[in-house]
Structures are given as C-alpha cells and as structure tokens.
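Fold and contact review
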Amino acid sequence: MSTEPRKRRGWSGWYLLFLVQFVVALWPPLYNKVDPTLAGIPFFYWFQLLWVLVSAVLTAAVYFATAD
Amino acid sequence: MQEVNWVALIIFIALFGLISWLGFAAARWRKGDLELLHEWGLGGRRFGTVVTWFLIGGDVYTAYTFIAVPALAYGQGAIAFFAVPYTIIVYPILFLVFRRLWHVCHRHGYITAGDFVRGRFDNRWLALAVAVTGIVATMPYIALQLVGIQVLIGGLGISGTGLAGDLPLLIAFVVLAAFTYSSGLRAPASIAIVKDILIYITALTAIIVIPIQLGGFAKIFAAVPAAKLILATPPPGSTGAYSGYATLAFGSALALFLYPHSLTGILSASSGRAIRRNAAMLPGYSFMLGLLAMLGLLAIAAGVDKLPEFARGFDQFKGNFAVPALLLHSFPSWFVGIAFAAIGIGALVPAAIMSIAAANLYTRNIHREFFNRNPTNKQESRMAKWVSLIVKAGALVFILEVPTKYAIQLQLLGGIWIIQTLPSVMLGAYTRWFNSWALLAGWAVGTYAGTSMAYANKLANSYPLQAFGHTFPGYIALYTVALNLVVALVLTPIFNAISSDRARDATRAADYTGD
C-alpha cells in the first residue's frame, strides 16, 4: 500500500517552525525569572503570554506556506 | 454570612434561560436527520472554521478550567501557568496529527477514536480498550463541570442541605440533558458561541478593571509571596520544578485531543482546512486562559480569603472559590451575574459534548461490536441518545453522593489513562507498523503503571523518577506513555514473527491527506 504517486504532501521544512514553539515553551530556565518586568508583570508571565501570540503567528505562517 | 445576591441571580437565570432556548432551537440549525448517529453526534460534520473555533474552544476550555487553573495559581502560584505552554504546544499537534485523523475518519465515516482503531488495526479488543478508556476518563470530567456550577451557585449565595441545596444543580442538569438529547452536538455548538463571547467579556474586563482597583500589576505581584511568584530553582541533583512544569505541559498537550470530547469537536468540522486554520486561531483562547490564571494571583493580592463574607465559600470549596470571590468582591452585582453565567454556561457546553462523545463510543465500539452487530440507523442514534442521558445521570449522582476530592482525583487519573491510547490513535494516524496486540499490551502496561505510580505518590500527578543518580520529577502520564510505547515497540516484532496482522488495515495511505 505504499505506492503513493504524489508524495509531496508528507513533510514540509516549514514544520520546523513548530519545533521552535515547542523548545521555547518547554524550556522553563529560559523564562523563569522576575526581571525584566513589563508594566509591573514579571517576565515569567508576560513572556509566556507573548509566546502564545508568537506561536499563533508561526502556526499561521506554516498554514499559509503549506496550503496548496 | 453571605446573602443571596438577587440581581446577579436573576441575570444568571435569565442568561441560562436564553441558552436553554438556544439549545432546543439548535435542532433546526443546519438541519439534518437526527435519527442518524453522525447527524446527532457530530452535527452532520457541517461546521466551518468559525463554528469549529467556538466549538473546540468551548469544549476544551471548560468551566472547570476557568475555576481550577486560577485556583491552582491562587494556591501554588507560578506552576499553574503550565496551562500556557500546554496550550501553546497543543496546536501544532492539532495541525499535524489530527488533520490526518479528520481525513481518514471523514472518508470512512468513523465517529470515534475506537472506530478509527477498529478500521486501522482490525482488532476489536484494541478498539474496546480505546473506547472504555475514553468513557472512563470522561465521566469524572463531566462530574467536575457540575462541580464548577456548584461553586457558582454557592457564590450566588444559595446554600442549603438536602434537596433544597441540590435543586439548582438538578435543574441545570435536567435542562442540559434535555437539549443534548433532542439536538445532539448542534446544541453545544450554538451555545458555545454565546458562552465564548460572555467569557471574553468577563476575562478582559476582569484583567483590566481589577488591577486598576488594586493599584496596578507592580503592587499585585509585590503582594504575591516570593515562593509563588516564579518556579523554584531546582535543587542540586534534580531537575525540580522545571521538569515538573515542562512534562506537565507536554503530557497534558499530548492527552488533550485524545479525550473523546475533543475528538468529537474535531470530527464535526467540515474540512481538514478548517482544522488547520483553527490551529492558528485557537491560541486566542490560550491567551485568555493565561489572563485568567493571573486572576488567581489577583485573588491573593485582593486578600479575598480574609473577608468574612467569603469565609463559608472558601470553607466549602477551598481554592476553587478564589475566582468567584474575586469577582463578587470587585464587581457590581449585574456584572457578577454575567460573569457567573459565562462560567456556568461554560460548564454546559463541554458537559454536553462529553456525554455525546461517551455515548458515541459506547454505541459504536461496545454495543455494536459486542451486542447488536447490525443495528438500524434509528436504533443506533436512539441508543446514543439514551447513553448520553445515563452518562450524565451517573456524573450527577457521583457529584451529589461522593466528596468532590474523589472527582478531582479521578479526573487526574483520567489524564494518565487517556494518554495510553496515544500509540494506537496518534501514531496510528501515521503508521501501521505496530502489531495490534503489542499496542494492547503497551496500553495495559501503561495504564497499570500509571495508576500504581499515582497511588504510590498519594494521587499527585508528578512522580520523582530516579535515573543516573539524578531525580527527574515529572508528569506520570508522560513517563508511563513512554513505557507503553517501549512495550509496543519491543513486542511488535515478536508478535509479528508469530503471526503478523499488518495486512489487516481498512484504510489506505491516501485516506489520510487531502484538501
């Protein structure tokens, strides 16, 4: 069953952007600090919230880059 | 002593009335023949990108999440923020793995993970394991949604013992059961839209207004004890809170879309493209969840637990009362009514979807497989409707009769159990390399090991793994699914040497891709 005529859809280099999201989100030493604060919010909190937005943008980029 | 908050109560009831009407009216939305299981149980797979966004958002960010995550932040501080990396990494998984599952399920008419496993591996016992795990993991989750409603009702000042105390919950339950029965998945899908708008209003207002009242974020975080502010630096010889935090986020992310209710939300989408778009749009909810987690810290700063009017609430509901108390303390009654309704309706949406998902599993992978092999369409959908009632009634009895802490512990075990279906479902979406009996053995070993590790650790979700003279505290679900996978990897060549089942696969490679 492995005769696929057009195998191009399997993997895309763009998926590496997902890896970036993973590594940063899952590496607490990177963001487990109080300073610098933003509007009084410790780095730990605002960085992770910012990373939600960055990740959404990266995922959108993958979506558009891999859309046929 | 807290008195009944009439203004809030009336708004709360009015909004509940509105969404109940919506739930019943939903039967006529994108009309389909509700005597067919995929129409009742998947909304006819007709939801586009936007409805899917509301539905999955309303489905996975439950009322219990909105109460329990801030409660964890209130009680233990920074660790509660694991919910943020958790919901960051869950969406690439959705994008990659679950769009493949959407395609294959769409092509073959599968409506549950059990259906997929049955088709992929042609082993009804493996499908049974997946179905039973799904149902067992879902039941306490439904119960916790009812706990969420209980906390809110308590917050509105309604209390009592015996029937009078339980009456509001009973009413909410009857309404929920009735519209789920009559409208199927269309009911929570339509209600989710209203609920999510209310939740966004509540969360944004709370995170702007309360910090102003409390004198700014700098002052709020200054009031949070240093031990709760950020994660503790790991002691020598251990990865400490860091590995605890990361494994909890990673394991929870892997488990999330294995839950039957999440998969039901995914499979009801009208296209694979809608799934991928949502992977980029759903982080909107993650951001809000992060804001809500910070509400727990605001509750510390506001000192709501010291206020006499909330003493009874904290006594009864512990940390889960932090957010309701904070809202009651900070807002006028009419806004409290809206906020509580938002969270309360937020319990009905996932509870409805969970009961539908459990009913689909029972109907397809247990009843049809083992009791009545050739049901008519009508029999099948009737069965599912009845099972959805039974599942909810079970959850209700559980909540009324058993202390809440058992529901919480069972839900925690549920996460450890559901992740054991990962090799069959998520890896199964990519490869047919595994032997189905090896997968079943891996599932059994993972489930047993996870349960005993949890018990050995007094039902905490973290286990201090010892290796190479180091300690790696981490989420039990993640450790045991790794063990599960090793068992499946080792046994597959052995079992296949005896008798290979690899040719038995109802799906083809091309079934997993498209649009």
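Residues numbered from 1 in each chain as written. Chains lettered and ligands numbered in written order. Predicted model: local features only at pLDDT ≥ 70, side-chain atom pairs only at ≥ 80, totals over all residues.

**Overview of the overall build of chain A**
Along chain A, the regular secondary structure elements total two helices and zero strands. Per-residue burial over chain A gives 28% buried out of 68 residues. (Helix = DSSP H or I, 4+ residues; strand = E, 2+ residues; numbered from the N terminus. Buried ≥ 20, exposed ≤ 12 C-beta atoms within 10 Å, placed from the backbone.)

**Some thoughts on the overall build of chain B**
Looking only at helices and strands, one finds 23 helices and two strands in chain B. On C-alpha atoms alone, chain B measures out to a radius of gyration of 23 Å, which is about the 24 Å that the 2.2 N^0.38 rule sets for 515 residues. In chain B, which comprises 515 residues, the proportion classed as buried is 59%. Contacts in chain B between residues at least 24 apart in sequence constitute 85% of all its contacts with a sequence separation of at least 6. (Rg over C-alpha atoms; globule rule 2.2 N^0.38 Å. Contact = placed C-beta atoms within 7 Å.)

**Looking at the pairing of strand β2 (residues 470-475) of chain B**
The side chains of a regular strand alternate, residue by residue, between the two faces of the sheet. Residues and elements named next belong to chain B. Pairing of strand β1 (residues 462-467) with β2 involves six bridges; the strand directions are antiparallel. Looking at the pairing, A467 lines up with H470 of β2. Linkage of β1 to β2, two consecutive antiparallel strands, is achieved through a turn of two residues, within which F468 is found at a positive phi near 50°. (Pairing = 2+ DSSP bridges.)

**Some points on the interface of chain B and chain A**
Taken together, the contacts link 35 residues of chain B with 32 residues of chain A. The element contributing the most residues to the side of chain B that touches chain A is helix α5 (residues 83-108) of chain B, with eight residues. Of the residues that constitute the side of chain B that touches chain A, the class distribution is 28 nonpolar, four polar and three charged. (Nonpolar A, V, L, I, M, F, W, Y, C, P; charged D, E, K, R; others polar.)

**A word on α5(B)**
Residue and element names in this part refer to chain B. Along its length, α5 shows its largest kink, about 40°, at L94. A large share of α5 lies buried, amounting to 19 of its 26 residues. Just downstream of α5, G109 is the residue with a positive phi angle, here 70°. (Bend = angle between axes of the 7 residues up to and from the residue.)

**What to know about the packing of helix α9 (residues 186-213) of chain B against helix α15 (residues 283-302) of chain B**
The relative placement of two packed helices comes down to the angle between their axes together with the axis-to-axis distance. All names here are of chain B. Relative orientation of the contacting elements α9 and α15 amounts to 45°, with a least axis distance of 10 Å. The angle between the axes of α9 and α15 places the two elements in the oblique class. Read as a crossing pair, α9 and α15 show a hand that is left-handed. From α9, Y200, A203, A206, I207, I210 and P211 reach across to α15, where they touch M288, L291, L292, M294, L295 and L298. (Axes fitted to C-alpha atoms, helices over the stretch in contact; angles between N-to-C directions. Parallel < 35°, antiparallel > 145°, perpendicular 65-115°, else oblique. Left-handed = near helix turned anticlockwise from the far one by under 90°.)

**Re unusual backbone geometry**
Of note, the bond from D35(A) into P36(A) is cis; its omega dihedral lies within 30 degrees of zero at 0°. Positioned with a positive phi, R45(B) is a non-glycine residue whose angle comes to about 50°. Tracing the backbone through its elements, the reader meets R45(B) in the loop between α2 (37-42) and α3 (49-60). Judged by local crowding, R45(B) falls into the partly exposed class, with 19 C-beta atoms found within 10 Å. For D122(B), which is not glycine, the phi torsion reads 50° and is therefore positive.

**Section: the packing of helix α20 (residues 404-418) of chain B against helix α22 (residues 436-456) of chain B**
All names here are of chain B. One way to put it is that α20 packs onto α22 with a least axis distance of 9 Å and a crossing angle of 150°. Overall, the two elements α20 and α22 adopt an arrangement that is roughly antiparallel. With respect to the hand of their crossing, α20 and α22 are arranged in right-handed fashion. Here L413, I416 and W417 of α20 lie close against α22, whose contacting residues are T447, G450, T451 and A454. Looking at the contact of α20 with α22 residue by residue, the class counts come to four nonpolar, three polar and no charged.

**Quick look at the nonpolar core**
Residues and elements named next belong to chain B. Of all hydrophobic cores here, the largest spans 209 residues; its most connected members are A143, A249, A299, L326 and I345. Considering every element that reaches this core, the biggest residue donor is helix α18 (residues 333-370), with 20 residues. Look past the residues within four positions of A299 in its chain and what remains in contact with it is Y74, V304, A322, V323, A325 and L326. (Core = buried A, V, L, I, M, F, W, Y, C linked by C-beta atoms within 7 Å.)

**Details of the environment of W334(B)**
Residue and element names in this part refer to chain B. For W334, the location among the structural elements is in helix α18. Separated by 323 residues in the primary sequence, W334 and I11 have C-alpha atoms spaced 6.8 Å apart. What W334 contacts, discounting residues up to four positions off in sequence, is V7 and I11.

**Some words on the confidence of the model for chain A**
Taken over all residues, the pLDDT of chain A has a mean of 83, while the share at 70 or more is 84%. Counted against residues more than four places away or in other chains, residues 1-8 of chain A, with its pLDDT under 50, gives five contacts. (pLDDT = per-residue confidence, 0-100.)

**Details of the confidence of the model for chain B**
Residues and elements named next belong to chain B. Looking at chain B, pLDDT values average 88 and 98% of them are 70 or higher. The element-level mean pLDDT for chain B is lowest in helix α8 (residues 162-183), coming to 81, with helix α21 (residues 422-427) highest at 96. The complex prediction reports pTM at 0.91, with the ipTM value standing at 0.87.

**Here we look at the environment of L483(B)**
All names here are of chain B. Mapped onto the fold, L483 is located in helix α23 (residues 476-499). Overall, L483 belongs to the partly exposed group, with 17 C-beta atoms counted inside 10 Å. Sequence-wise, L483 and G442 are 41 residues apart; in three dimensions their C-alpha atoms are separated by 7.5 Å. Once you skip the residues sitting within four places of it in the chain, L483 turns out to touch V445, G446 and A449.

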